[in-house]
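The residues making up each chain are set out below.
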Amino acid sequence: MWILGANGRVGRAVAAQLVAAGVAPVLVGRDAGRLRKAAADLGLDADAKIVVASGVDAMAAEISRRRPVVVVNTTGDYAESAVPIARACMPGGHYLDQANDPTAVQRLFALHDEAAAAGSTLVTGAGFGVVGTEAIVARLCENRPVPSRVRVDAFASVAVEEGALGAALAAGVVDGLAMGGRRYEGGRLVRTRLGGEVHRLTLPGGEPVSSVGVPSGELIAAHRASGAPSVSATSGLVPASLAVRAVLPLLSAILRNRAVRSFAIRRMSGITAKAAPRPRPHTWGHAVINWPDGTVREGWLRTGDAMDFTSAVAAQTALRLAAGEGRPGAHTPSAALGPDIALAAGADFMDDVIAENS
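Conventions we followed
- Residues numbered from 1 in each chain as written.
- Predicted model: local features only at pLDDT ≥ 70, side-chain atom pairs only at ≥ 80, totals over all residues.
- Heavy atoms only, no water.
- 1 Å grid on protein atoms, 1.4 Å probe; cavity = no way out; pocket = protein on both sides within 12 Å on 5 of 7 lines; lining within 4 Å.
- Points joined across faces, edges and corners; volume = space filled by probe spheres on them.
- Helix = DSSP H or I, 4+ residues; strand = E, 2+ residues; numbered from the N terminus.
- Nonpolar A, V, L, I, M, F, W, Y, C, P; charged D, E, K, R; others polar.
- Axes fitted to C-alpha atoms, helices over the stretch in contact; angles between N-to-C directions.
- Parallel < 35°, antiparallel > 145°, perpendicular 65-115°, else oblique.
- Contact = heavy atoms within 4.5 Å.
- Buried < 20%, exposed > 50% of the residue type's maximum accessible area, 1.4 Å probe, protein only.
- Phe/Tyr/Trp six-rings, centres within 6.5 Å; stacked < 30°, edge-to-face > 60°.
- Lys NZ or Arg CZ within 6 Å of the ring centre and 35° of its normal.

Colleague: Looking at this model, I keep getting lost on the layout of surface pockets. Mind explaining?
Modeller: Where empty space is left becomes clear once a probe the size of a water molecule has been rolled over the atoms. In this model, the second largest pocket occupies a volume close to 270 Å³. Of all elements in the fold, only α4 (78-89), α5 (102-109) and α8 (167-179) reach the threshold of two or more residues within the lining of the second largest pocket. Ranked by residues supplied to the lining of the second largest pocket, first place goes to α8 with 4 residues. In the lining of the second largest pocket, the residues fall into 5 nonpolar, 2 polar and 9 charged.

Colleague: Please clarify how the packing of helix α7 (residues 128-141) against helix α12 (residues 306-322) should be interpreted in this entry.
Modeller: Helix-helix packing is described using two parameters, namely the angle between the two axes and the distance between the axes. The contact between α7 and α12 brings their axes to 9 Å, and the two run at 85 degrees. Considered as vectors, α7 and α12 are oriented roughly perpendicular to each other. Seen from α7, the contacting residues are Phe128, Val131 and Gly132; seen from α12, they are Ala306, Phe309, Thr310 and Val313. Partitioned by chemical class, the residues of the contact of α7 with α12 number 5 nonpolar, 2 polar and no charged.

Colleague: Is there a simple way to explain unusual backbone geometry in this structure?
Modeller: Working note: non-glycine residues mostly have negative phi, and peptide bonds are mostly trans. Across the junction of Met90 and Pro91, the peptide omega takes the value 0 degrees, indicating a cis bond. Among the structural elements, Pro91 can be located in the loop between α4 and β5 (94-97). Even without being a glycine, Asp77 presents a positive backbone phi close to 45 degrees. Here Asp77 lies in the loop between β4 (70-73) and α4. Note on Asp77: relative accessible area 32%, which makes it partly exposed. Its identity as a non-glycine residue notwithstanding, Asn143 has a phi of 60 degrees, on the positive side. Position of Asn143 among the secondary structure elements: in the loop between α7 and β7 (149-155).

Colleague: Any chance you could explain the packing of aromatic side chains here in plain terms?
Modeller: Any pair of aromatic rings gets described here by the distance separating the centres and the angle formed by the planes. If you walk through the whole model with that rule in mind, you get 2 aromatic pairs. Ring centres of Phe128 and Phe309 lie 6.3 Å apart, and the angle between their planes is 75 degrees; this geometry places the pair in the edge-to-face category. With a gap of 181 residues between them, Phe128 in helix α7 and Phe309 in helix α12 connect regions that are remote in the sequence. With respect to class, Phe128 is no different from Phe309; both count as buried. Between Trp284 and Trp300 the ring centres are 5.8 Å apart and the planes differ by 85 degrees, which places this aromatic pair in the edge-to-face class. With Trp284 in strand β15 (residues 283-290) and Trp300 in strand β16 (residues 296-303), this residue pair connects regions lying 16 residues apart in the sequence. For Trp284, a relative accessible area of 6% gives the class buried. On the basis of relative accessible area, Trp300 is assigned to the buried category, the value being 8%. Across the ring face of Phe349, the terminal group of Arg139 is positioned such that the distance to the ring centre comes to 4.2 Å. The positively charged end of Arg224 is found above the aromatic ring belonging to Phe109, 3.6 Å away from the centroid.

Here it is, written out as structure tokens:
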């Protein structure tokens, strides 16, 4: 197994979990010194277990040459990195990433037929973003008719590490805002006003929270898992105040300008975050599903730190792909491996029937 971006937060955590499971991964990144230290910290042979590669093309070339069984891409900017790296894994090799933006997710799905013919499994969204809500939808819709409407809400709680945000994270935030609002209506992905949908809920522990509609891979995953013609997705990471939501459409339009986008990414990537504990004890995923007969089901997923859950999902997905459990083609984690991947990563579920037609 290879871990791309092994010096990053998720990459380091995935490597540690694989080592704990008895697997000695190959650490891939730009900085040889940092890779050697990371390998030593994990008890790995630095001479045999690191690959120095600067940039996506160099990584893809090394993958094509050395043919790892599973590649875990934690480099970020998946809209640009996922397709060339996934293609380098084929034929026969498997790929996964933690993408949660619609562009990256849809680009990987476009490789489905190619991957199926090559006997490779490509998994996108192997993290809290996607699995945190998709797994609920997949469980509640299992062995039931196609629902009429689905809404998913994500409430991540993350401990902040000190350091620069970095270009990959900055690009994801900027590109998500630039895309503007999205939802499914009549089975089609349509534009909506960014920040136009807002919901106020109470977490199972009693804490009131708010969430705002944003474009995300969770939206696409919920649609694929349910088949519902009407699907929306919201996030608790976006401030729900009227003032913030009022400026979001203007900000989205401005960020579509290429020069402004580049400037925003440069400025944001240089911001240094201070270390801080996670704001609440648990991270929550939520889904409400409506069926044409009047049945309404609600489900919650609970886990700890969202980044810890993300690394656990990635590690569990990698182990299962290496064991031959995935289906060839391009999938989300629950579609490739079943919704219990969330349980294996340390989450638990709470379901309820709000109303049921007798």
